[in-house]
Amino acid sequence: MEILRRSIEAQAAPPQWVFVVAAVLAAVTVLSDRLWPVARHVITIAHEGGHALAAVASGRRLAGVRLHSDTSGVTVSSGRPTGPGVIATVAAGYPTPSLIGLGAAALLATGRTSLVLQLCVAMLLAMLVVIRNGFGVMSLVVSTAAILAVSWFAPPTARAGFAAYVACFLLLGGLRPVVEVQRQRRRRRGRDSDPDQLARLTGLPPGFWVGLFGLTGLACLAGGGGLLFG
């Protein structure tokens, strides 16, 4: 109970410059063509986690998740090939990083830095249960170890900065894959992308889904920015 109390209680708010630095570093990570290919693995973990959670929540049978070294991933589930369950499962991937970022920003705005980091660890461990390939296991273990190291050894200001960086990275990083999938579609690649699968399932054009994902990401970014800097 003492551990739970410490997890949910608010910590002292860090100076505002900590959030500013975290946001700048997150933006550099997302915009850098050198850093992004490595950092994108985190977005893929969240993306595939969204598919997996939606599959379970909609009553589908989750077979497993694979994460690949090229930053792609695949979530396999079984159930009805049409209907709300499979639509929700396919649609959940792209919005999930932004939604997690918004949730993290909301917790940070109330001073719950420790809870943000512990929830990140909990989500990674939950993903570890359903991962079905070696690279995916390695990605999750490395990510979990990094968060635990900060949680255990970093001073309070550094912990808050790291948690803010995670939130800002998810908010910003959730948008770049939406741009990338639209670019692939314009080049007539990626016809098995989530928007194209959703078009076949719903009859709505792929562009509608890309736009919806983009608007969701922008709304989360605006909301998270307002919580952290408002």
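Preceding block: the structure.
All of the points below concern the structure found in this document.

## What to know about the packing of helix H2 (residues 16–31) against helix H8 (residues 156–173)
Their axes nearest at 8 Å, the elements H2 and H8 cross at an angle of 40°. It follows that H2 is oblique to H8 by the angle criterion. The hand of the H2/H8 crossing is right-handed. Contacts from Val18, Phe19, Ala22, Ala23, Leu25, Ala26, Ala27, Thr29 and Val30 of H2 reach H8 at Thr157, Ala160, Gly161, Ala164, Tyr165, Cys168, Phe169, Leu172 and Gly173. When its residues are assigned to classes, the contact of H2 with H8 shows 14 nonpolar, four polar and no charged.

## Considerations on the pattern of salt bridges
Per the counting criterion, the structure on display carries five salt bridges. A salt bridge links Asp33 to Arg176, with the nearest nitrogen and oxygen atoms 3.2 Å apart. Of this pair, Asp33 sits in the loop between H2 and helix H3 (36–57) while Arg176 sits in helix H9 (residues 176–186), and the two are 143 residues apart along the sequence. One salt bridge in this structure joins Arg40 and Glu180, with 3.1 Å as the shortest N-O distance. Of the two residues, Arg40 sits in helix H3 while Glu180 sits in helix H9, which places them 140 residues apart along the sequence. Each member of the pair, Arg40 together with Glu180, is buried.

## Section: unusual backbone geometry
If a residue is not glycine, its phi is most likely negative; likewise, a peptide bond is most likely trans. Positive phi is not limited to glycine here, since Thr71 has a value of about 75°. Within the element layout of this structure, Thr71 appears in the loop between strand S1 (61–67) and strand S2 (73–78).

Rules used throughout
Residues numbered from 1 in each chain as written. Predicted model: local features only at pLDDT ≥ 70, side-chain atom pairs only at ≥ 80, totals over all residues. Heavy atoms only, no water. Axes fitted to C-alpha atoms, helices over the stretch in contact; angles between N-to-C directions. Helix = DSSP H or I, 4+ residues; strand = E, 2+ residues; numbered from the N terminus. Parallel < 35°, antiparallel > 145°, perpendicular 65-115°, else oblique. Left-handed = near helix turned anticlockwise from the far one by under 90°. Contact = heavy atoms within 4.5 Å. Nonpolar A, V, L, I, M, F, W, Y, C, P; charged D, E, K, R; others polar. Salt bridge = Lys/Arg side-chain N within 4 Å of Asp/Glu carboxyl O. Buried < 20%, exposed > 50% of the residue type's maximum accessible area, 1.4 Å probe, protein only.

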